[in-house]
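One-letter residues, chain by chain:
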Amino acid sequence: MRITKLSGPPTDTEVDAWAATVAGAHAADLPDVPAPTRAETAGRLRVPPARGRAALWTAEGGAGVAALLLFTDEANGHTAFLDVLAVRPDARRRGIGAALWERVREELLAQGRTSVATMADLGGPGQAFAEALGFENVLPMAWYAQEVARRQPVEVPATPGYELRAWHGLVPDDWADPVARAHGAMEDAPMGDVDERAESWTAQRLHAAQRLILDRGGELTTVAALTPAGEVAAYTELVLPDPGGVRALQYDTVVVPAHRGRGLGRAVKLRMGELAAHRYPALRQIATTVADENTPMRTVNEALGYRSERAAAYFQLQLKP
């Protein structure tokens with residue numbers, strides 16, 4: 001089986017083949033979850049990641065694909081993230097996944113990486129494949145999904161002493177520093193034994209992460225709870241990888257410790273859902289992941305109508321030459 005490493009931005013034909021492979025694998029493994037659209041796939045393949053360097057491989061005839069993110073920041077130059085390793089259902093059990101993994105492993109060792117992580121659903125072929133390679137479950141979590149309410153107005157609770165404000169696209173320059181500082185509150189979120197080290201968030205890093213979403217053709221909305229002193233007490237982010245898609249992703253939801261216990265997490269999420277329902281007529285679901293250990297966020301999500309969709313986990317492998 002010939003495995004080819006893509007050496008430049010993929011052509012339309014290569015994007016089509018990659019999208020078809022991923023969609024086929026997704027339909028077999030997650031038939032009830034919308035697959036990534038072609039527009040989303042094109043953006044991810046053609047626009048370089050903000051945090052590192054991507055390496056992409058395809059198997060002959062579109063039988064399988066693999067995408068690796070090699071972190072380039074100083075804190076994480078020892079590790080990487082296996083973003084995709086998918087094999088078309090009709091091509092499985094022929095050693096294609098193993099052949100793709102061998103190329104990924106060669107790249108990791110050539111780049112001096114000592115660990116690699118990936119995310120896989122529990123009970124599915126991804127978990128079985130990862131564990132067969134020696135990956136270990138280091139952070140159990142689950143996917144949660146919420147249907148977008150359209151028939152009844154959303155009642156956002158009052159937040160005395162705070163102003164709820166929404167920004168579509170990049171957070172304005174005047175608020176980028178406060179949002180970045182608020183992001184630091186996520187450092188106490190459960191991370192299990194994941195080998196990736198937290199970096200300090202700055203306005204520049206915040207805008208780089210947000211610009212990547214936009215450059216890849218997606219849309220981003222941030223809803224924040226602000227204090228009169230100009231502090232961001234809480235915020236949440238909604239991302240549509242494809243603005244015409246039916247499923248959005250709830251990214252970070254943060255409540256700064258000094259402002260917890262006041263319902264701000266629930267308030268910003270409710271306002272986000274209200275805005276999304278009006279802005280995106282095709283949107284049907286909002287999905288997010290929460291670590292099993294993060295009881296406060298799971299409680300908030302359940303109160304908002306999120307249902308547990310499927311169990312997942314971060315899996316990690318310590319590499320040996």
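*Asks:* Residues and numbers for helix H2 (residues 38–46), please.
*Replies:* All buried positions along H2 are accounted for by Glu-40, Thr-41, Ala-42, Gly-43 and Leu-45. Its buried side turned inward, H2 meets helix H1 (12–29) and strand S2 (52–59).

*Asks:* Report on the sheet that holds strand S7 (residues 163–168), specifying residues and quantitative values.
*Replies:* With mixed pairing, the 12 strands of this open sheet are ordered in space as S1-S2-S3-S4-S5-S12-S6-S11-S10-S9-S8-S7. Edge positions in the sheet fall to strand S1 (3–5) and S7, since each has one partner strand and no second. Sheet twist, expressed as the mean angle between neighbouring strand axes with direction ignored, is 25°. As judged from the nine bridges shared by strand S6 (residues 136–147) and strand S12 (residues 307–318), these two strands associate in the antiparallel manner. Its bridge partner lying in S12, Tyr-144 is registered against Ser-308.

*Asks:* I'd like a description of unusual backbone geometry, backed by residues and values.
*Replies:* We note that Arg-93 has phi near 65°; this positive angle belongs to a residue other than glycine. Positionally, Arg-93 belongs in the loop between strand S4 (80–87) and helix H3 (96–110). For Arg-93, a relative accessible area of 83% translates into the label exposed.

*Asks:* So what's going on with the pattern of salt bridges? Which residues, and what values?
*Replies:* Within this structure, the stated rule accounts for 18 salt bridges. When the shortest N-O distance is used, the salt bridge between Asp-12 and Arg-38 registers 3.8 Å. In this pair, Asp-12 sits in helix H1 while Arg-38 sits in helix H2, placing the two residues 26 residues apart along the sequence. By relative accessible area, which is 48% here, Asp-12 ends up partly exposed. One salt bridge in this structure joins Arg-51 and Glu-196, with 2.7 Å as the shortest N-O distance. Here Arg-51 is found in the loop between H2 and S2, whereas its partner Glu-196 is found in the loop between helix H5 (173–183) and helix H6 (203–215), with 145 residues between them in sequence. Note on Glu-196: relative accessible area 28%, which makes it partly exposed. Three or more residues joined by partner-sharing salt bridges are found here, namely Asp-12, Asp-16, Arg-38 and Arg-46.

Calculation criteria
- Residues numbered from 1 in each chain as written.
- Predicted model: local features only at pLDDT ≥ 70, side-chain atom pairs only at ≥ 80, totals over all residues.
- Heavy atoms only, no water.
- Buried < 20%, exposed > 50% of the residue type's maximum accessible area, 1.4 Å probe, protein only.
- Helix = DSSP H or I, 4+ residues; strand = E, 2+ residues; numbered from the N terminus.
- Contact = heavy atoms within 4.5 Å.
- Pairing = 2+ DSSP bridges.
- Axes fitted to C-alpha atoms, helices over the stretch in contact; angles between N-to-C directions.
- Salt bridge = Lys/Arg side-chain N within 4 Å of Asp/Glu carboxyl O.

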